[in-house]
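Per-entry structural report
Read off the chains here:
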Amino acid sequence: MPRLLLSLVAALFIAFPAFAHQIDFGYSEILVEGKTVSYLIEVPPHYLPIPGVDPAGPPLEAAEVRPHLAAIEAFLREHVGVQSGHEAPEPTGIELLESGRDEALTALVLHYEFEAPVRELVVTHDVFDRLEPSYKNLAKVHVDGRTLETIFNHDRTVFRFDARGWLAQAWTFFLLGIEHIFTGYDHLAFVVALILVGQSLGQIAKIVTGFTVAHSLTLVLAALGVVSLPGRLVESVIALSIAVVAAENFVIKSPDKRWIIAFVFGLVHGFGFSGVLRELGLPTEGLVSSLLSFNLGVEAGQLAVVALIFPLVLALRKTRWHLPVVRTASAAVLVMGLIWFGERILG
């Protein structure tokens, strides 16, 4: 379905050029050949650091662009890139084409060299004018005789593919899910706050299950574009959820019903996970397997945290240190949640 939609968009552009100018399209074409990657980018010239360009003016000739090529290359180094594994090389050079497929666009080619043949690639494109939210960049990646397609826009600036096959790609996203839990301190703090007052494995199982079901649901809906919420709202509510659960730890009598609050706030956390996926770049091929693998990675990370912390919580319950430790830890999480909430709601 994503490939069909992309083809329809491209067909509309070709069939109705006047309409295409109105909605403001650009193009990218990435060619992978062994250790070499060529990145063609065609964008409106006023998006580039060329002084005095009138967006409504006539198309620029290559001769008008060439004097600014050094500034353009420096600009593109910040907003365009390719990465394979741990390699993220700087472009070895930039080439200005005399003309592209559209005279209104400036066509440039960046060249990259890797140390090993490229089998997986993360492509970044963040060349946008924030005053023109309708702008989209239609992109194609040519690799191993295949052509993959995507659309870069203000919300989607990363595209990822793995020529090693869907299994390797799924494994990559599984590891990314685990990594996000251990580096996403807000989600980690929420899980810790939830289990600090746990009294049995049965209670913890219900809490974790409620959280998992909820965030899995909204993660899938948001990642597939079915439901969308403003990022600031989502991140602010996530911070607030941390503070609320931590504060509840001071007054809660029994956590038997805590799975309900875990489920409710888990719905919001799912939108947060989907925001991470947008930054990582969901592929068009293997979309479902990558999405599920990321979610499984998140669950594996959460279970590892529970396995590490909950035995300590149970052991503490048998000592006089239990209440002071729970309250101190909850107070620390509460303060962090309120700080994050303030930063995100005002930021």
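To keep things clear, this report deals only with the structure shown in the data block. In this text the structure is predicted, and so the values were computed from the model without any measurement.

**Brief notes about the sheet that holds strand 8 (residues 146-152)**
One open sheet holds the six strands; their spatial order is 4-5-2-1-7-8, and the pairing between them is mixed. Looking at which strands have only one partner, the edges of the open sheet turn out to be strand 4 (93-96) and strand 8. If you compare each strand with its neighbour and ignore which way they point, the axes differ by 15° on average. Both strand 1 (residues 25-33) and strand 2 (residues 36-43) contribute to a ladder of seven bridges, which runs antiparallel. Bridge pairing links L31 to S38 in strand 2. Together, strand 2, strand 4 and strand 5 (106-113) form the strand contacts of helix 4 (residues 69-79), whose direction differs from that of strand 4 by roughly 120°.

**Here's the deal with the packing of helix 8 (residues 231-248) against helix 11 (residues 322-346)**
When two helices pack together, you describe them by how their axes are tilted relative to each other and by the distance separating the axes. Interhelical geometry of helix 8 versus helix 11 gives an angle of 160° and a closest axis separation of 8 Å. By the angle between their directions, the pair helix 8 and helix 11 is classed as roughly antiparallel. Between helix 8 and helix 11 the crossing geometry is left-handed. Contacts from R232, E235, S236, I238, A239, L240, I242, A243, A246 and A247 of helix 8 reach helix 11 at S330, V333, L334, G337, L338, W340, F341, R344 and I345.

**Observations regarding the environment of F174**
Its location among the elements puts F174 in helix 5 (residues 166-183). C-alpha of F174 to C-alpha of N295: the two residues are 121 residues apart in sequence and 7.3 Å apart in space. F174 has contacts with S293, F294, L296, G297 and A300, leaving out every residue within four places of it along the chain.

**A short note on the side chain of S330**
Position of S330 among the secondary structure elements: in helix 11. For S330, the contacting residues outside a window of four places in its chain are L196, A246, N249 and F250.

Reading guide: rules and limits
- Residues numbered from 1 in each chain as written.
- Predicted model: local features only at pLDDT ≥ 70, side-chain atom pairs only at ≥ 80, totals over all residues.
- Heavy atoms only, no water.
- Pairing = 2+ DSSP bridges.
- Helix = DSSP H or I, 4+ residues; strand = E, 2+ residues; numbered from the N terminus.
- Axes fitted to C-alpha atoms, helices over the stretch in contact; angles between N-to-C directions.
- Contact = heavy atoms within 4.5 Å.
- Parallel < 35°, antiparallel > 145°, perpendicular 65-115°, else oblique.
- Left-handed = near helix turned anticlockwise from the far one by under 90°.

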